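The residues making up each chain are set out below.
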Amino acid sequence: NTNAYSLTAGAAPTVAANVMTLAAGAQVAFGSPAWGAINVWQVRFQFTGAGNVSRWYLHYTDASNSLRVQVFTGAGGLQLFQQIAGVDHSLATASPTLVVNNWYWLQVTQFPTVPGDPAYLQATLLNDAAGAVGAQVATVAGPTSDAVTALTGRPQILASAGTLPIGGAFANVHTLSLFGPGGWSFSNNNGTGIPSGAWERGGASTYPGGPATSFGAARIDVAPAGTLNAYCSSYQGGAPEGTTAIPVNAPGNVLSINARTKSTGLSVTASILLVANEYDSAGTFLRATTLQTLNGNQPAWTLLAGTLITGANCAFVFLFLEAVDATANSANGTVWFDNVQAWNQTATGMATMPYCELRFPQAPSALLVSGLLGDVSVPASVLLGAYEASWASGGSLSLALGRRAAFHPSAVLVGASNGWYGPVGIQVVQSTAALDASAWGGYYALATLNVNNSWNPLAFSAPPATLRGTYHLLQRFLTREATLSALQVRVVTAWTSQAWFGLGATTTSWVLATVNGSWLVPVTAANAWLALDAGQIVVPPEPLGALGDLTLNDATPRPQWWDTTAGGAVQQINWQALLPTDASLLLGVVNNPSNSSWAPSGWVYVYLDGLGVPLGGQATAGWSVEPVALPSPAHGGGGPGTASSGPVNVNLTADPYLTLDPTLGSNQLVASLADSTGAVLPLVADILYTPQYLEPR
């Protein structure tokens, strides 16, 4: 049906035989105004005439400002355009030959960027193969002309000349997917309207009441017509191994689940629901329980919460955040969800729980532990787990976990690497981007380095008060350079008068000072992703005078890559992480020795236990393999060893245990578990401690 679309010009579209047809001059809008970067917008369409032109707007602000892909046959028939103040800027072009009445597929990506930097676009035209995506016809890619105009907002489709049929009785004939944090999916659950899912980034539409700044809320935009029944979910059944299904200790456990929600434009007939679905050990659905229902519009952030007593055979649960309206009265409304957490009351003995972030489907991870009790820093036990389908002999896991000595609610300690996608100026290397479903964030940046070129991909820029501390700058990196000794990296921390975003194209006048680390040669293999350390940084990078203000200016740490050979080798970078080293630091390697005959399958847990230290005991390091993502430290054991012989072993090289500091209010940590292929694994963590108090004597 056409319920997902709003008519903005021309005649209304028609539907027949699973095909929606736009008449010549018709234009429709769809989707969410919160859409910015787009992973893949995919559509199947028919080319109906030699003079026909179709325009596919990723973002349409008004008739004078937009971002689009344009398709026709012949010279310049596949083009990327950015219209700024009524002037078209051609970003990239190709010349496909299209056959009248043939069906084609269009796939478009707008890669994430940061405020002030150009976006990188890619569009591919493909043949239709009996309703499936066929061979490539043409592709174009390039950066936008500016970093401001029409990079957000709803998509639109225009049949600017001739009719434009879209769809067909096949799968995925019109889909749009986003870049997101992982672990959640969006679905339409039998509503006649076709709502849109989105991620709301910052601003007034994220929950402001948590211990740390919310970086993204889930968002549902109600369709312009039809009934509403849509949801965000964390798992939808099937084999649970290695998924985001929430494991339960035992049937009869009491689980608490909290979320925050708000809405605009919902009618009195609408409801917002928190639902928990139960599954058995094989991932077979058992039962659904509605924990709370809020009726009508919720203009302010409202608690959505409840408890679940898990029933017979329950091994896993998933959360179901749902918005429903059996009428069409909530058309064009919006619902948000944020700060969702679940915990096991029976296992923890806690009826209430401070907000913490400890489980991540993408890693490395910035952990948050809030609500700590006590007067002094205390030893803790940290239980780190990652899923291994088959951990082969000779394999290893490199663990890193660091805690900051400071806390700031807006600190970003893990992020995607952004290359400079705009034209070369002061930035002497132009980057591009590529989709990669296995990468952190779903993509990576890449650039070609020739002799004595430097590449400075960035992920962080914030006032020193936000990032104050000492770190090591970690990154996921891949090189195509054959001469590894010619490839060097160092860490550079700039002291800048404002955020670095968009300022490096033509001038360096915004740089107040830079502090450079030592050159390192850390790459040990070409054509393989590696987790590498670029060196130590300190924020602020220079001493601050008595009149200085840590909330002003910006600290901008980055890796700087340098290639001393000619030939133009390609370099790729994915995530960057600031690993804190100034409060508590755990580093180590877990080996499955090369002479082992066992390939553990399941959740590999590492237990780093300092709880006995205040009682005169010693810190211990052990491990176990578990069938689900539930640690079993009582079941753990082991100790140090080698990579070549003996049982699985745990070897620490920094602190022997983690400490927590309740005086900070919240503790911020960064953690990763990387395997020997350079893959950083999804991470789960539990942290246990005993509060200690200063007693007067």
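Further up the page is the structure itself.
Keep in mind it's a predicted model, so treat the numbers as computed, not measured.

## Remarks on the overall build of the protein
What the protein contains, in helices and strands, is two helices and 48 strands. The long-range share in the protein, meaning contacts at least 24 apart out of those at least 6 apart in sequence, stands at 75%. When the accessible area of the protein is evaluated, it comes to approximately 26,600 Å², of which 54% is carbon and sulfur surface. Side-chain charges in the protein split into 18 positive and 31 negative, and the spacing between the mean points of these groups amounts to 5 Å.

## Overview of the packing of aromatic side chains
Given two aromatic rings, their pairing is described by the distance between the two centres and the angle made by the two planes. One pass over the full model with this rule turns up 25 aromatic pairs. Aromatic pair Tyr 5 and Phe 30: ring centres 5.8 Å apart, planes at 65°, arrangement edge-to-face. Residue Tyr 5 is found in the segment before β1 (6-9), and its partner Phe 30 is found in the loop between β4 (27-29) and β5 (38-46); the two are separated by 25 residues along the sequence. Judged by relative accessible area, which is 17%, Tyr 5 ranks as buried. With centroids separated by 6.3 Å and ring planes inclined at 35°, the aromatic side chains of Phe 45 and Tyr 104 adopt a geometry described as tilted. With Phe 45 in strand β5 and Tyr 104 in strand β10 (residues 103-110), the pair connects residues that are 59 residues apart, well separated along the chain. Its relative accessible area of 1% is what places Phe 45 among the buried residues. With relative accessibility at 2%, the residue Tyr 104 sits in the buried group. Put simply, the rings of Tyr 5, Phe 30, Trp 35, Trp 41, Phe 45, Trp 56 and Tyr 104 touch in pairs and so form one group of aromatic residues. Residue placement shows Arg 44 over the ring face of Trp 103; its charged tip is 4.2 Å from the ring centre. It is Arg 476 that lies over the ring of Trp 529; its NZ or CZ is 4.2 Å from the centre.

## Regarding the side chain of Gln 110
Along the chain, Gln 110 falls in strand β10. Among the residues examined, Gln 110 registers a relative accessible area of 3% and is labelled buried. In this structure the side chain of Gln 110 is engaged in a polar contact, spanning 2.7 Å, whose partner is the side chain of His 59. Look past the residues within four positions of Gln 110 in its chain and what remains in contact with it is Gly 36, Ala 37, Ile 38, Leu 58, His 59, Leu 67, Ala 119, Tyr 120, Leu 121, Leu 151 and Phe 179.

## Here's the deal with the nonpolar core
As a rule of thumb, nonpolar side chains are buried together in soluble globular proteins. By size, the foremost hydrophobic cluster in this structure holds 77 residues, and its most contacted members are Trp 455, Trp 561 and Leu 658. Look past the residues within four positions of Leu 658 in its chain and what remains in contact with it is Val 378, Pro 379, Ala 380, Val 382, Leu 401, Arg 403, Ser 584, Leu 586, Leu 669 and Ile 687. Formed by 40 residues, the second largest nonpolar core is a distinct cluster that contains Tyr 5, Ala 26, Phe 47 and Leu 125.

## Remarks on the sheet that holds strand β13 (residues 156-161)
Taken together, the seven strands give an open sheet; going across it, the order is β1-β4-β13-β6-β7-β8-β9, and neighbouring strands pair in antiparallel fashion. If you trace the sheet from one side to the other, it starts and ends with β1 and β9 (87-94), each paired once. Between one strand and the next, the sheet's axes are offset by a mean angle of 25°, whatever the strand orientation. As paired elements, strand β6 (residues 53-62) and strand β7 (residues 65-71) share seven bridges and run antiparallel to each other. Counted as the bridge partner of Arg 55 is Gln 70 from β7.

## Details of the pattern of salt bridges
Side chains that differ in charge, positive against negative, can pair when their charged atoms come close. Applying the stated criterion across every chain, the model contains six salt bridges. Asp 88 serves as the salt-bridge partner of Arg 68, at 2.8 Å between the closest nitrogen and oxygen. With Arg 68 in strand β7 and Asp 88 in strand β9, this residue pair connects regions lying 20 residues apart in the sequence. By relative accessible area, Arg 68 is classed as buried at 2%. Residues Arg 219 and Asp 221 are paired through a salt bridge, measuring 2.9 Å at the closest nitrogen-oxygen approach. Among the residues examined, Arg 219 registers a relative accessible area of 9% and is labelled buried. Judged by its relative accessible area of 7%, Asp 221 falls in the buried class. One connected set of salt bridges, linked through shared partners, spans Glu 200, Arg 219 and Asp 221.

Reading guide: rules and limits
Residues numbered from 1 in each chain as written. Predicted model: local features only at pLDDT ≥ 70, side-chain atom pairs only at ≥ 80, totals over all residues. Heavy atoms only, no water. Helix = DSSP H or I, 4+ residues; strand = E, 2+ residues; numbered from the N terminus. Contact = heavy atoms within 4.5 Å. Areas by Shrake-Rupley, 256 points an atom, 1.4 Å probe, with all protein chains shown as cover. Lys, Arg positive; Asp, Glu negative; His and termini not counted. Charge placed at Lys NZ, Arg CZ, Asp CG, Glu CD. Phe/Tyr/Trp six-rings, centres within 6.5 Å; stacked < 30°, edge-to-face > 60°. Buried < 20%, exposed > 50% of the residue type's maximum accessible area, 1.4 Å probe, protein only. Lys NZ or Arg CZ within 6 Å of the ring centre and 35° of its normal. Polar contact = N/O pair within 3.5 Å; in protein donor to acceptor, adjacent residues only side chain to side chain. Core = buried A, V, L, I, M, F, W, Y, C linked by side-chain atoms within 4.5 Å. Pairing = 2+ DSSP bridges. Axes fitted to C-alpha atoms, helices over the stretch in contact; angles between N-to-C directions. Salt bridge = Lys/Arg side-chain N within 4 Å of Asp/Glu carboxyl O.

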